Amino acid sequence: MSNASLTDQRPPSSLRGATLPKWFAWAVAAGAVLLGLGISFAAGLDSSIQWALIAAVLFVAGSYGISAKVEGRRQAKDRTATSLVWVAFLLAIIPLASLIWTTVKRGVKVLDGYFLTHSMGYVRDTEPGGGIYHAILGTLEQVGIATVIAVPIGVLTAIYLVEYGRGKLAKAVTFFVDVMTGIPSIVAGLFILSLWILILDMGYSGFAGSMALAILMIPVVVRSTEEMLKLVPNELREASLALGVPKWRTIIKVVLPTSIGGITTGIMLAIARIAGETAPVLLLVWVTNLINANPFKDPQASLPMYIYLQFINSGGQGAAYDRAWAAALTLIAFIMILNLVARGIARWKAPKTGR
């Protein structure tokens, strides 16, 4: 038998070193949690946050130490980075889950059909009963009017900046949009208060609050729409222009349909940003316990203001306290529905791919 045939019959040498099993991360996590609980119990720590942080540190350190001993330092660094990502994810999701759970647990006590279809009327804050119909109606009208004002201005401004904006004017618009992004809501409310109510003497109304909310909404719409328009490939624009299509028609028929999903999502985020604002409502809309379906006259209720007033008048207990949590749950559900609608519209209007 030749030497070549003997060489071919030798088992191939493995180039991979020792590796840990797939369940290693879960085992280390479980051990870190148990050890963190033990250390917290021994040290007399009562806070859940403290033992969770201890468990997180033990999880990262344990993953690195065991992996470095078995797999080597290079693989251990990779596992450490993965562990830090998971710890950061949990640190972000746990407060959100806790907030939702607490709101649902306390909000369902009085949340029913009667609560959603009746106003407070002449029910005192300390008395049971009443509802949030007037506040829901006010919020829907105020946010709706603000959206009608802000969305066209924001989208058209973004189109100008991306498709036409050149020179000093575009730089000035970009600068002022950046400045408006950081404006506190109380400043927008004071501006409308001085102009609309004090100078023009138009009085408190839902429309006054909508104008302040529109000021807060416009920069968010501009920024999100601008980024979505920049993601549209220039090849699509050039192909349309090469066929002799005017630029304005290219924007309407090619650019906007391509980016409509992201634009819609940005608009929904802007609506979610203003739906919970209280300062402009307090300054411009004021409050009422009665149903006011006319946003252009007299004070009008809103969900954020309703929650605030019910909470401060409850003293942390009683019927007003339960109504505040139920209204907060309703506001969260409202924002969630908006996001689901936005995703549905984005999927419906997204460009069709394939042959």
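Because the structure is predicted, anything quoted here is derived from the model rather than measured. (Residues numbered from 1 in each chain as written. Predicted model: local features only at pLDDT ≥ 70, side-chain atom pairs only at ≥ 80, totals over all residues. Heavy atoms only, no water.)

1. Things to note about unusual backbone geometry
The phi angle of most residues is negative, glycine excepted, and most peptide bonds adopt the trans form.
Item 1. For aspartate 201, which is not a glycine, the phi torsion comes out positive at approximately 55°.
Item 2. Along the chain, the position of aspartate 201 falls in the loop between helix 8 (185–199) and helix 9 (206–230).
Item 3. For aspartate 298, which is not glycine, the phi dihedral falls at a positive 70°.
Item 4. The topology assignment puts aspartate 298 in the loop between helix 12 (279–285) and helix 13 (303–312).
Item 5. Of the residues examined, aspartate 298 reaches a relative accessible area of 43% and is grouped as partly exposed. (Helix = DSSP H or I, 4+ residues; strand = E, 2+ residues; numbered from the N terminus. Buried < 20%, exposed > 50% of the residue type's maximum accessible area, 1.4 Å probe, protein only.)

2. So, the UniProt feature "transmembrane region" (unreviewed entry) in the protein
Item 1. The residues that UniProt annotates with the feature "transmembrane region" (unreviewed entry) are residues 23–43, 49–68, 80–101, 143–162, 174–198, 204–222, 254–276 and 324–346.
Item 2. Between the first and last C-alpha atoms of residues 204–222 the distance is 28 Å; the span itself is 89% helix and 0% strand.
Item 3. Here residues 324–346 is 100% helix and 0% strand, with 33 Å between the C-alpha atoms at its ends. (UniProt positions renumbered as here; feature names shortened; annotations may be inferred.)

3. Some words on the domain arrangement of the protein
Item 1. Partitioning the protein into domains gives domain 1 (2–107) and domain 2 (133–348).
Item 2. For domain 1 and domain 2, the distance between their C-alpha centroids amounts to 42 Å.
Item 3. Taken together, the contact pairs 5 residues of domain 1 with 7 residues of domain 2.
Item 4. Across the domain 1/domain 2 interface, buried area totals approximately 570 Å², and carbon plus sulfur atoms make up 76% of it.
Item 5. When the area that domain 1 buries against domain 2 is broken down by residue, the three leading residues are Thr103, Arg106 and Gly107, summing to 76%.
Item 6. Our enumeration of links across domain 1 and domain 2 arrives at 0 salt bridges.
Item 7. There are 1 residue pair in polar contact (both at pLDDT 80 or more) connecting domain 1 and domain 2.
Item 8. Residues that form the side of domain 1 that touches domain 2 fall into these classes: 1 nonpolar, 3 polar and 1 charged. (Domains from an automatic or database assignment. Contact = heavy atoms within 4.5 Å. Buried area = accessible area lost by both parts, 1.4 Å probe. Salt bridge = Lys/Arg side-chain N within 4 Å of Asp/Glu carboxyl O. Polar contact = N/O pair within 3.5 Å; in protein donor to acceptor, adjacent residues only side chain to side chain. Nonpolar A, V, L, I, M, F, W, Y, C, P; charged D, E, K, R; others polar.)

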